[in-house]
Amino acid sequence: SEVKMLTERLRSSILSALSHDLRTPLTAMVGLADSLFLVKPALPPTALETAQALHEQAERLAGLVGNLLDMARLNAGDVTLRREWQPLEEVVGASIKLLGNALAQHPVKVTLDKALPLLEFDAVLLERVLCNLLENAAKYAPAHTVIELKAQQLGSVVEVEVLDRGPGFPEHRREELFNMFVRGQSASDKPGSGLGLAICKAIVEAHGGRIGADNRPEGGAQVRFTLP
């Protein structure tokens, strides 16, 4: 067991070193791409377009690296939950605000039960869950269709649902979607790593909840999770 403990510790330290080492050049790349917009005299339009593309790809890569590291930490059990008793609506509002542009094409309809109790959760991690689910919905649903976010109390848990009007999940692979690097069939032309749902699952389960995916009878996807 001592060997196992040492292996875990080694893995964790390699991961944190890697995370630091990867994040530094990525941050630098985003900054360098930005600085190209400030060059005087201004660069020709085609060069500025290239700089914009560089900026976007570097940010995307930074996001993927962040997701990978979160997943590795969650898997290694390195994440300490900073739980506090708080209302769900604040973290819902914060997540929608945080996504900003990603939701530009989709109105979000929020329906929270009037008498929702306070819940004990880590706000930063729960924000990640909601952001991942809303961003997924926005990525796959046709433009200008409504994304719904609902929450209600069911016995000793609160159930949160995110519903969209997209193509839904492949029927025979619904449970697999929460595994690492698994993506739906319609995902091939969308950017992403297949880590979003796996991260949601790890965070929800760390809180003692459960998560599952379904297709709506009227078309579209439905992801629901519970929090004690």
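To keep things clear, this report deals only with the structure shown in the data block. (Residues numbered from 1 in each chain as written. Predicted model: local features only at pLDDT ≥ 70, side-chain atom pairs only at ≥ 80, totals over all residues. Heavy atoms only, no water.)

## Topic: the overall build of the protein chain
Phase 1 of the analysis: If you tally the helices and strands in the protein chain, you get five helices and seven strands.
Phase 2 of the analysis: Of the regular secondary structure in the protein chain, the N- to C-terminal order runs α-α-β-α-β-β-α-β-β-α-β-β.
Phase 3 of the analysis: Seen through its C-alpha atoms, the protein chain measures out along the principal axes to roughly 65 × 55 × 35 Å.
Phase 4 of the analysis: For the protein chain, with 228 residues in total, the buried portion stands at 36%.
Phase 5 of the analysis: Nonlocal contacts in the protein chain, meaning residues at least 24 apart in sequence, comprise 69% of its contacts between residues at least 6 apart.
Phase 6 of the analysis: Only carbon and sulfur atoms are counted for the fraction: they give 58% of the accessible area of the protein chain, which is about 13,100 Å².
Phase 7 of the analysis: Averaging the locations of the 24 positively and 28 negatively charged side chains of the protein chain gives two centres separated by 1 Å. (Helix = DSSP H or I, 4+ residues; strand = E, 2+ residues; numbered from the N terminus. Buried < 20%, exposed > 50% of the residue type's maximum accessible area, 1.4 Å probe, protein only. Contact = heavy atoms within 4.5 Å. Areas by Shrake-Rupley, 256 points an atom, 1.4 Å probe, with all protein chains shown as cover. Lys, Arg positive; Asp, Glu negative; His and termini not counted. Charge placed at Lys NZ, Arg CZ, Asp CG, Glu CD.)

## Structural notes on a nonpolar patch on the surface
Phase 1 of the analysis: Residues Leu10, Ile14, Leu18 and Leu22 make up a contiguous nonpolar surface patch of about 350 Å² in total accessible area.
Phase 2 of the analysis: For isoleucine 14, the position within the fold is in helix α1 (residues 2-35).
Phase 3 of the analysis: With relative accessibility at 46%, the residue isoleucine 14 sits in the partly exposed group. (Patch = residues over 30% accessible without salt bridge, like charges linked within 9 Å, V, L, I, M, F, W, Y side chains within 5 Å. Salt bridge = Lys/Arg side-chain N within 4 Å of Asp/Glu carboxyl O.)

## Here we look at the layout of surface pockets
Phase 1 of the analysis: Counted as a void, the second largest pocket has a volume near 330 Å³.
Phase 2 of the analysis: Along its surface, the second largest pocket is lined by 17 residues, and Val79, Arg82, Asp122, Val124 and Leu125 are the ones closest to its centre.
Phase 3 of the analysis: Listed by contribution, the elements that provide at least two residues to the lining of the second largest pocket are α2 (45-76), β1 (84-86), α4 (123-140) and α5 (196-206).
Phase 4 of the analysis: The element best represented in the lining of the second largest pocket is α4, accounting for four residues.
Phase 5 of the analysis: Here the residues of the lining of the second largest pocket sort into eight nonpolar, two polar and seven charged. (1 Å grid on protein atoms, 1.4 Å probe; cavity = no way out; pocket = protein on both sides within 12 Å on 5 of 7 lines; lining within 4 Å. Points joined across faces, edges and corners; volume = space filled by probe spheres on them. Nonpolar A, V, L, I, M, F, W, Y, C, P; charged D, E, K, R; others polar.)

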